[in-house]
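# Observations on chain architecture
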Amino acid sequence: MNEDIRIHSWPCSYYLDTSKQWISGRLSLTPVAIKFTADKTGELLVNFHLSSIGEIKKESSNLIFSSLTILEKNTKHWFSSLQPNRNVVFNILEHFWREQLLSSQGAGAEAAALQSTKGKELTGLLTGSQKRLEDTAKVLHYQGEQFDNIMRGLNKIEGDMDVADRLLTELESPSWWPFSSKLWKAPLETKPKETATVSDSKNQEGIIIRIPVIITHRTDSNVKPGKLTLFASGLEISDCNSQVIHRFESKDVDDIRVHTPYEISVRQRFIGKPDTSYRLLSAKMPEAIPVLEMQFSKKIQFLEDALGFVGARKSPQVDLGTSIWQAATGLLGGVAQPDSPVGGREGVDNDQVQLQKQEKISQEEAEELKQILKKLKGLALETEAELERQDEALDSITTSVDRATLNIDKQNRRIKKLT
């Protein structure tokens, strides 16, 4: 992720202690830092890391009204005349500051991250891939349940049409026909049980991901903290007290715009009344965007500032180097083909030795990588099988719909003859 990307900027004034005067400029927030640039000179007067912040407060005095103060180590920075207002800037800065502290887990975590080996980097990458594949499997599982429900509904329709066909045959038969009374006795006992099964399985999907967000409703200038929860069937926006503000079912979402890797907007259009639109900003949004892209592939749109995020996410080799991916490919080959001479136990041991020599991967890291790759292979096979099953289900649904349409047309013609 590009650490220089600008998440937000606000016009404001900064109190320069050296000259004892207020300087007009723009306060900017990046994923890891806060900056202030003077308007007249273009000079960067403030630039410090989020992890160095000790406190963010809303303050005022006899001379300074509606100000925001940021305590950075032993220096206190004053910002005033914030637009659109102080509360908006405070909520956003506090959100990213707290998430930065939680993600880094203190200075000790940063020091450990600097000493991380290639094995740890590769393990983290594959663990993230495993999480994304698990999310995909959850969505596909829910879609499979929806297909099963559709098939049950179509089977019920076919059963009802059989009953209608018998009734029409009874009406069309002459009055002297001796077996006409039997045609009214249709097997209706099993139908309610199927509908009960459908209703019991509804809304049983689990949570895919939940992240803290800063919420803006439509074009309101006020923002408030809350949560975004992604389900296989849609998404839900709630406040800090877990009270639901709005829930979008998948069919209700008309478009999702990715403004930056950290900010999206979700909209549902209406005719004759205002659209329902929410703008969501979060330090954890890069984790949710891949899930949204998978669920709403035809409705999601990446704007100009977010296109770099897509390119970086789709080419992870640039970040970790070609050698790591070559090592992972060799290890994956050993796991995927255990019976082959190259992929046997001896081949796996050779791969592990080669990994340890070239990338300084320990025995424990090599074993962990092998287990993750096994899980990835299993998830990939399950996902492929589910996709094939859903393709077959779609073909069956299409055939059933075509058959039902023909039967309806045929029964309509028979009804017209009777009337």
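Summary of the structure given here. Positions within a chain are numbered from 1, following the residues in the order the chain's sequence is written. Only residues with pLDDT of at least 70 get local features here, since the model is predicted, and only at 80 or more are side-chain atom pairs given and counted; chain-wide, interface and lining totals rely on the full set of residues. The basis for the side-chain values is all heavy atoms of the structure; hydrogens and waters are excluded.

## Observations concerning the overall build of the chain
What counts is decided by this rule: Strands here are runs of E lasting at least two residues and helices are runs of H or I lasting at least four, both read from the DSSP assignment and numbered beginning at the N terminus. Buried residues are those whose accessible area, probed at 1.4 Å on protein chains only, stays under 20% of the maximum for their type, while exposed residues exceed 50% and partly exposed ones sit between those limits. Contacts are assigned to residue pairs that have any heavy atoms within 4.5 Å of one another.
Of the regular secondary structure elements, the chain holds 10 helices and 15 strands. The 419 residues of the chain split such that 39% are buried. The contacts of the chain with a sequence gap of at least 6 include a subset with a gap of at least 24, amounting to 52%.

## Some thoughts on unusual backbone geometry
Excluding glycine, residues mostly carry a negative phi; peptide bonds, for their part, are mostly trans. The residue after Q83, namely P84, is reached through a cis peptide bond having omega 5 degrees. With respect to the helices, strands and loops of the structure, P84 is situated in the loop between β7 (75–80) and α1 (86–104). A positive phi angle is found at K73, which is not glycine, with a value near 55 degrees. Mapping K73 onto the fold places it in the loop between β6 (67–72) and β7. Phi at S242 is positive, roughly 65 degrees, even though this residue is not glycine. Here S242 falls in the partly exposed class, since its relative accessible area comes to 46%.

## Some details on a negative patch on the surface
Our working definition: Patch membership is restricted to residues that have no salt bridge and whose relative accessible area is over 30%. Joining uses 9 Å for like charges and 5 Å for the nonpolar side chains Val, Leu, Ile, Met, Phe, Trp and Tyr. The protein chains shown are the only cover counted for residues, whose accessible areas, like all others here, come from Shrake-Rupley with a 1.4 Å probe. Salt bridges are identified by distance alone: a Lys or Arg side-chain nitrogen within 4 Å of an Asp or Glu carboxyl oxygen. The convention is simple: Lys and Arg are positive, Asp and Glu are negative, and His and the chain ends are not counted. Note that the charge is assigned to NZ on lysines, CZ on arginines, CG on aspartates and CD on glutamates.
Together, E384, E388, D391, E392 and D395 give the surface a local cluster of negative charge. Assignment of secondary structure puts D391 in helix α10 (residues 363–418). Look at D391 and you get partly exposed, because its relative accessible area is 46%.

## Observations regarding the pairing of strand β8 (residues 207–217)
Put simply, the rule reads: When DSSP finds two or more bridges between a pair of strands, those strands are recorded as paired.
Strand direction decides the pairing type here: β8 and strand β9 (residues 224–231), joined by 8 bridges, are antiparallel. Across the sheet, residue I209 finds its bridge partner in β9, namely L230. Examined bridge by bridge, β8 and strand β14 (residues 276–281) share 4 bridges and lie antiparallel to one another. Residue pairing for β14: I214 is matched across the bridge by L281.

## Here's the deal with the sheet that holds β9
Definition in use: Between the N-to-C directions of two axes lies an angle of 0 to 180 degrees, each axis being a line fitted to C-alpha atoms and, for a helix, fitted only over the stretch in contact.
Taking strand neighbours across the sheet as the criterion, the 8 strands line up as β11-β10-β9-β8-β14-β13-β12-β15 in an open arrangement whose pairing is mixed. Either end of the sheet is taken by a strand with one partner, and the two such strands are β11 (244–249) and β15 (300–302). Across the sheet, the axes of successive neighbouring strands diverge by a mean angle of 30 degrees, strand direction being ignored.

## Digging into the sheet that holds strand β1 (residues 8–16)
Across the sheet, which stays open at both edges, the 7 strands sit in the order β4-β3-β2-β1-β7-β6-β5 with antiparallel pairing between neighbours. With one partner strand each, in any of the chains shown, β4 (44–49) and β5 (53–59) form the two edges of the open sheet. For this sheet, the mean angle separating the axes of adjacent strands, direction not counted, is 30 degrees. Examined bridge by bridge, strand β3 (residues 33–38) and β4 share 5 bridges and lie antiparallel to one another. When the sheet's bridge partners are listed, I34 is paired in β4 with F48.

## Thoughts on the pairing of strand β10 (residues 234–239)
Side chains on a regular strand alternate between the two faces of the sheet. The buried fraction of β10 is high, at 5 of 6 residues. As paired elements, β9 and β10 share 6 bridges and run antiparallel to each other. The residue of β10 that forms the bridge with T229 is E236. Remark: 2 residues form the turn of the hairpin made by β9 and β10, two consecutive strands paired antiparallel. Sheet topology places β10 next to β11; 5 bridges connect them, and they run antiparallel.

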